[in-house]
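Residues per chain, in single letters:
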Amino acid sequence: MAQIESSRLTLHKEALNIDAFLTECVERHNRLAETKRTRVELTMDTVGYVHADPIRLRQVLDNLLSNAVKFSPPGSLIRVHAGKQDALWRVAVQDQGLGVTEEDRARLFRDFAQLSAKPTGDEKSTGLGLAISRRMVEAHGGRIGVDSAPGAGATFWFTLPV
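Below you will find a few notes about this structure. Everything numeric in this text was worked out from a predicted model, so none of it was measured. (Residues numbered from 1 in each chain as written. Predicted model: local features only at pLDDT ≥ 70, side-chain atom pairs only at ≥ 80, totals over all residues. Heavy atoms only, no water.)

### Describing helix α2 (residues 18-33)
Residues spaced three or four apart along an α-helix face the same direction, because each turn holds 3.6 residues. To be explicit about the condition: Helix and strand definitions here come from DSSP, where helices need a minimum of 4 consecutive H or I residues and strands a minimum of 2 consecutive E residues; each element is numbered from the N-terminal end. Residue count minus one, scaled by 1.5 Å, sets the expected span of a helix. Residue exposure (1.4 Å probe, protein chains only): buried if accessible area is under 20% of the type maximum, exposed if over 50%, otherwise partly exposed. The arc under discussion is defined with respect to the helix axis, by the directions toward the C-beta atoms. We call two N or O atoms a polar contact when they sit within 3.5 Å, provided that within protein one can donate a hydrogen and the other can accept it, with sequence-adjacent residues counted only if both atoms are side-chain atoms.
The first and last C-alpha atoms of α2 sit 22 Å apart over 16 residues, in line with the 22 Å expected at 1.5 Å per residue. Residues Ile18, Phe21, Leu22, Cys25, Val26, Arg28, His29 and Ala33 constitute the buried set of α2. For α2, the angular spread of buried residues about the axis comes to 165 degrees, placing them on one side. One side-chain oxygen at the N-terminal end of α2 lies 3.0 Å from the backbone nitrogen of Asp19; it belongs to Asn17.

Here is the structure:
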């Protein structure tokens, strides 16, 4: 966070095969999610490349996927979907948790935001993951957001320029 705040964050962008990248992330998180009998599934509308820093992008995906596992009940299915919309890649992580309340939505991507939803397996949370993810996505020229209704899970998404 200190690097980001002091503008010392440097991106090392490269042509990144998004299909291979997401497949690797999903496989890794499937292994981690096994303890909760949770499964992570990937679907892609198309394959291709994005110009991105793979380390920073992995931080974003790791945060979104670990949150999805953390806040979904055991035995859940987490869906990752990627596709192109106009000149943007859109990646979405859909969970089966309790969703995000309107009150929490206002604080969601802020530093140290502790929200009303609690992890379903006593996992720890610092409240920094989504704030860092927002900064990483914005540094790439993209946007990050959430679609959710209380009780109906949440879909966290981000875009990156093609």
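From this point, things continue past the structure.
### Remarks on the sheet that holds strand β6 (residues 144-148)
Definition in use: Following DSSP output, two strands are said to pair if at least two bridges run between them. Each axis is a line fitted through C-alpha atoms, taken for helices only over the stretch in contact, and angles between the N-to-C directions span 0 to 180 degrees. Residue contacts follow a heavy-atom distance rule, with two residues in contact if any of their heavy atoms lie within 4.5 Å.
Overall, mixed pairing links the 5 strands, which are arranged β2-β4-β5-β7-β6 in an open sheet. Each end of this open sheet is capped by a strand with a single partner; those strands are β2 (39-44) and β6. When the angles between neighbouring strand axes are averaged without regard to direction, this sheet yields 20 degrees. Contacting β2, β4 (77-85) and β5 (88-94), α2 crosses the sheet at an angle of about 170 degrees to β2. Helix α3 (residues 54-71) rests against β2, β4, β5 and β7 (154-161) of the sheet, and its axis sits at about 170 degrees to β7.

### Remarks on the nonpolar core
Threshold: Nine residue types can take part in a nonpolar core, namely buried Ala, Val, Leu, Ile, Met, Phe, Trp, Tyr and Cys, and a core is a set of them joined through side-chain atoms within 4.5 Å.
Ranked by size, the top nonpolar core spans 36 residues in total, and within it Leu57, Leu61, Leu65, Val91, Phe156 and Phe158 carry the most contacts. Broken down by secondary-structure element, the contributors of at least two residues to this core are α2, β3 (49-52), α3, β4, β5, α5 (129-139), β6 and β7. Among the elements that line this core, the one with the most residues is α3, at 7 residues.

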